[in-house]
Amino acid sequence: MRTDDHPQHFAARNRTAFLENMATHPLDVLVIGGGITGCGIALDAAMRGFRTGLVEMRDFAFGTSSRSTKLIHGGLRYLKQGEIKLVREVGRERAVVYRNAPHLVRPEPLLLPLIEGGTYGKFMTSLGLWLYDRLAGVEKAERRVMLSREETLNREPLLKKDGLIGSGWYHEYRTDDARLTLEVVKTAVSKGALAVNHARVTDFIYQDGTITGAQVRDQINGREYRIKAGAVVNATGPWVDILRQQDGSLSGKRIRLSKGVHIVVDRSRFPLRQAVYFDVFDGRMVFAIPRDDKTYVGTTDTDYDGNLENPAVTEEDRNYLLRAVEDRFPSVRLNNEDIESEWAGLRPLIHQPGRPPSELSRRDEIFVSHTGLITIAGGKLTGYRKMAERVVDRLVAQFQRGMGQGKRFSPCRTEKQVLSGGDIGGPENWPAFVTEMKDQLAGRYGLEQMQAERLVKRYGSQVDRLAAYLDVLKKEGYEDSEKAVLRAELKYAMEHEMAVLPDDFLVRRTGDAYFNRGRYLEVRQKIEEWMDE
């Protein structure tokens, strides 16, 4: 069976059926949280034979998993903090995610400028990148190269020349974090998991002091469901301590929230040739990354204790990033009016007294409460699969100790599980696949090459499903290709990606809210009308 062929139809209209199924037939595992970690746990658990359910109070990838720097990277700066094991694990996981989701994960060469008095000297940079490549198992063609001052400026002429010594040139991977999360949960559903967005846990269910499920409210229609489960996993990111408190088990280690802000400008205003990871005035480092016809810059790293659902981007945040660009790219001269969009994400880090946010470890930890609630906290986007594996390993051990007598669970098999949309025969086939499919779409539906390519890169091997909707619209007489594509994408999102609200589609299914702001503002009302039909 192809990954794309879902035995359960992951449509918005089937949310009630999924919730009723969970409420009627007890689960082995109920996962709370539809970010990358929760979705990864649901996939691993379903593949090992657990009857698995997942509920997310807003939309999949609503929180941190759609508001990252959108890189699959090992975290070079963690070497400086001595996090060798973390760098090795997530560095090697980059290759796994790249192989399993080649339509969403692409090599991204990064330039690390070396400046007089900067964070990294030439020798330490060369040594650090060499070690980084070895720990991460980087292929020879993508290993670091040390560049002279002249070679550096040839690669990125916008860099400030004063104080520039040279640079290190190495590889990470760029992704669409929200769509990666969606492809993980879609694959989990294809393996038998039940997953529902806009479903909030309002209370836990206990028997003799042990957690045995949760009371869940459908946020769309207000219906309540009593869902029983052999184990409950709290994978809610910034909300984990709120659920621990609700469970009466908030003691010992806690999370510390760090806010990370990114700004997006038109590439004509910041015409980067390639991604750059550069020093800023306070000793931190920031990314500037070109993406199609935009450039985005981030991130900040500050303590946060405000609203969790919609952390605000402040004037101070914007000024910090604008100053960072001005200091390293003085000819660009960005100002507030150039900022087209922005986002703020929250990192749920394990609290370490006395350390500023930028120095806190990105390692994950598992907490098990006296009631049996399993909580996973910390971690990075890149390491989601290993985080999930550790949680499900614990579930297997727990069930084998007596909760699931007679049940056998297979070992973790997600390392080689191609994700939904990635069925193209491996990353080496990606360029040929893009060329073939974009030519087909352009010729068949009268699309411009760039528009067709965008669709192929967004949906990968699922683009044929989108084409089926375009066929229907063509028969109905749609002559405006832009409108037809928009309607087909929306139909696909509602029928195959459980998009319920306009922002589910415009923020997390397409990314238009961040990277095509004009289109977002232009079509939002029309999307709302179509979804209400």
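Data block above holds the structure.
These lines cover the structure that appears in this document, whether it is placed above or below. (Residues numbered from 1 in each chain as written. Predicted model: local features only at pLDDT ≥ 70, side-chain atom pairs only at ≥ 80, totals over all residues. Heavy atoms only, no water.)

Things to note about a negative patch on the surface
At step 1: Together, Glu448, Asp480, Glu482 and Glu522 give the surface a local cluster of negative charge.
At step 2: Within the fold, glutamate 482 resides in helix H14 (residues 481–496). (Patch = residues over 30% accessible without salt bridge, like charges linked within 9 Å, V, L, I, M, F, W, Y side chains within 5 Å. Areas by Shrake-Rupley, 256 points an atom, 1.4 Å probe, with all protein chains shown as cover. Salt bridge = Lys/Arg side-chain N within 4 Å of Asp/Glu carboxyl O. Lys, Arg positive; Asp, Glu negative; His and termini not counted. Charge placed at Lys NZ, Arg CZ, Asp CG, Glu CD. Helix = DSSP H or I, 4+ residues; strand = E, 2+ residues; numbered from the N terminus.)

Some thoughts on the packing of aromatic side chains
Two descriptors summarise a pair of aromatic rings, namely the distance from one centre to the other and the angle between the planes of the rings.
At step 1: Evaluated as defined, the whole model comprises 16 aromatic pairs.
At step 2: Centre to centre, the rings of phenylalanine 399 and phenylalanine 409 are 5.8 Å apart; their planes meet at 85°, and the pair counts as edge-to-face. Taken as a pair, phenylalanine 399 in helix H10 (residues 384–403) and phenylalanine 409 in the loop between H10 and helix H11 (430–445) lie far apart in primary sequence, ten residues in all.
At step 3: Members of the aromatic cluster, joined through ring pairs, are Tyr296, Trp343, Tyr514 and Phe515.
At step 4: The side chain of lysine 70 reaches across the aromatic face of tryptophan 343, ending 4.6 Å from its centre. (Phe/Tyr/Trp six-rings, centres within 6.5 Å; stacked < 30°, edge-to-face > 60°. Lys NZ or Arg CZ within 6 Å of the ring centre and 35° of its normal.)

Some remarks on the side chain of lysine 294
At step 1: Examined against the element boundaries, lysine 294 turns out to sit in strand E14 (residues 294–298).
At step 2: Judged by relative accessible area, which is 9%, lysine 294 ranks as buried.
At step 3: A polar contact is formed between the side chain of lysine 294 and the side chain of aspartate 266, at a distance of 3.0 Å.
At step 4: Side chain to side chain, lysine 294 and glutamate 340 meet in a polar contact 2.7 Å long.
At step 5: Once you skip the residues sitting within four places of it in the chain, lysine 294 turns out to touch Val264, Val265, Asp266, Arg267, Ile289, Glu340 and Phe515. (Buried < 20%, exposed > 50% of the residue type's maximum accessible area, 1.4 Å probe, protein only. Polar contact = N/O pair within 3.5 Å; in protein donor to acceptor, adjacent residues only side chain to side chain. Contact = heavy atoms within 4.5 Å.)

Brief notes about helix H5 (residues 122–136)
At step 1: Spanning 15 residues, H5 covers 21 Å between terminal C-alpha atoms, matching the ideal 21 Å at 1.5 Å per step.
At step 2: Buried residues of H5: Thr125, Ser126, Gly128, Leu129, Tyr132, Asp133, Leu135 and Ala136, and no others. (Expected span 1.5 Å × (residues − 1).)

With respect to helix H12 (residues 449–459)
At step 1: When we look at burial in H12, the residues that qualify are Gln451, Ala452, Leu455, Val456, Arg458 and Tyr459. Summarising the axial view, the buried residues of H12 lie within an arc of 165°, below the 170-degree limit, and thus occupy one face.
At step 2: Where the residues of H12 are buried, they touch helix H7 (177–190), H11, helix H13 (463–475), H14, helix H15 (502–509) and helix H16 (512–515).
At step 3: Glycine 460 occupies a position one or two residues after H12 and carries a positive phi of about 55°. (Arc of directions from axis to C-beta.)

A look at the nonpolar core
One broad rule of soluble globular proteins: the nonpolar side chains tend to lie buried together.
At step 1: Counting residues in hydrophobic clusters, the biggest one holds 66 residues, and the most contacted among them are Leu19, Ile41, Phe50, Val55, Phe60, Phe204 and Leu395.
At step 2: Residue contacts for valine 55: discarding those within four places in its chain leaves Leu19, Met22, Leu30, Val31, Ile32, Gly33, Gly34, Val196, Ala199, Val201 and Val216.
At step 3: Among the nonpolar cores identified, the runner-up in size contains 32 residues, and Leu112, Ala275, Ile289 and Tyr520 belong to it. (Core = buried A, V, L, I, M, F, W, Y, C linked by side-chain atoms within 4.5 Å.)

A word on the state of the cysteines
In a disulfide, the sulfur atoms of two cysteines are held together by a covalent bond.
At step 1: Under the definition given, this model contains zero disulfides.
At step 2: There is no disulfide at cysteine 39, and the cysteine sulfur nearest it, in cysteine 412, is 16 Å away.
At step 3: A residue is classified by how much of its surface remains accessible, and cysteine 39, at 0% relative accessible area, is buried.
At step 4: Residue class for cysteine 412 comes out partly exposed when judged on its relative accessible area of 23%. (Disulfide = S-S within 2.5 Å.)

Let's talk about the packing of helix H2 (residues 36–48) against H7
At step 1: Viewed as axis vectors pointing N to C, H2 and H7 meet at an angle of 25°, and their least axial separation amounts to 8 Å. The orientation of H2 relative to H7 falls into the category roughly parallel. When the axes of H2 and H7 are compared, the crossing they make is left-handed. Across the interface between the two elements, Ile36, Cys39, Gly40, Ala42, Leu43 and Ala46 from H2 touch Leu180, Thr181, Val184, Val185, Thr187 and Ala188 from H7.
At step 2: When its residues are assigned to classes, the contact of H2 with H7 shows nine nonpolar, three polar and no charged. (Axes fitted to C-alpha atoms, helices over the stretch in contact; angles between N-to-C directions. Parallel < 35°, antiparallel > 145°, perpendicular 65-115°, else oblique. Left-handed = near helix turned anticlockwise from the far one by under 90°. Nonpolar A, V, L, I, M, F, W, Y, C, P; charged D, E, K, R; others polar.)

Digging into a nonpolar patch on the surface
At step 1: Residues Ile84, Phe123, Met124, Leu127, Trp130 and Leu131 make up a contiguous nonpolar surface patch of roughly 570 Å² in combined accessible area.
At step 2: With five residues, the single largest contributor to the nonpolar patch is H5.
At step 3: Residue position: phenylalanine 123 is located in helix H5.

Structural notes on unusual backbone geometry
At step 1: Residue threonine 299 follows glycine 298 across a cis peptide bond; omega there is 20°.
At step 2: Mapped onto the fold, threonine 299 is located in the loop between E14 and strand E15 (302–303).
At step 3: Backbone geometry places alanine 61, a non-glycine residue, at a positive phi of 65°.
At step 4: The topology assignment puts alanine 61 in the loop between strand E2 (52–55) and strand E3 (71–72).
At step 5: For aspartate 208, which is not a glycine, the phi torsion comes out positive at approximately 55°.
At step 6: With respect to the helices, strands and loops of the structure, aspartate 208 is situated in the loop between strand E8 (199–207) and strand E9 (210–218).

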